[in-house]
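# A look at the structure
Chain residues, written in single-letter form:
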Amino acid sequence: MRPRGFFSNRFELEIVEDYSDDNSDSQARKKSSWLNHFIDLNLLLMIIVVGVPILLYCIVAASK
């Protein structure tokens, strides 16, 4: 994005679309799908193991 002029508030957005790599990109996503599932599982475990106890501690500490 860049302004039309130095003192202008209007910006021009240049959109460049390249569809030549669509096939290879979809194959790369299929190969890394196990990694995405692993990351999602780790995120869920981190929320349960770390987030929930901290939230409960904050609730208990605020109620005193």
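Thresholds applied
- Residues numbered from 1 in each chain as written.
- Predicted model: local features only at pLDDT ≥ 70, side-chain atom pairs only at ≥ 80, totals over all residues.
- Heavy atoms only, no water.
- Helix = DSSP H or I, 4+ residues; strand = E, 2+ residues; numbered from the N terminus.
- Buried < 20%, exposed > 50% of the residue type's maximum accessible area, 1.4 Å probe, protein only.
- Expected span 1.5 Å × (residues − 1).
- Bend = angle between axes of the 7 residues up to and from the residue.
- Patch = residues over 30% accessible without salt bridge, like charges linked within 9 Å, V, L, I, M, F, W, Y side chains within 5 Å.
- Areas by Shrake-Rupley, 256 points an atom, 1.4 Å probe, with all protein chains shown as cover.
- Salt bridge = Lys/Arg side-chain N within 4 Å of Asp/Glu carboxyl O.
- pLDDT = per-residue confidence, 0-100.

Moving on to the overall build of the chain. When its secondary structure is counted, the chain shows two helices and two strands. Helices and strands in the chain line up, N terminus first, as β-β-α-α. By residue count, 0% of the 64 residues in the chain fall in the buried class.

With that out of the way, let us pick up helix H2 (residues 33–63). For H2, with 31 residues, the first-to-last C-alpha span of 43 Å sits near the 45 Å given by 1.5 Å per residue. Where H2 bends most, the angle comes to about 30°, and this point is Gly51, followed within four residues by the proline Pro53.

Our next topic: a nonpolar patch on the surface. Taken together, the side chains of Leu41, Leu43, Leu44, Leu45, Met46, Ile47, Ile48, Val49, Val50 and Ile54 define a hydrophobic patch exposed on the protein surface, amounting to about 920 Å² of accessible area. Along the polypeptide, Ile48 turns up in helix H2.

Residues of the chain with pLDDT of at least 70 account for 53%, and the chain-wide mean is 77. Mean pLDDT across the elements of the chain ranges from a minimum in strand E1 (residues 2–3), with 54, to a maximum in H2, with 93.

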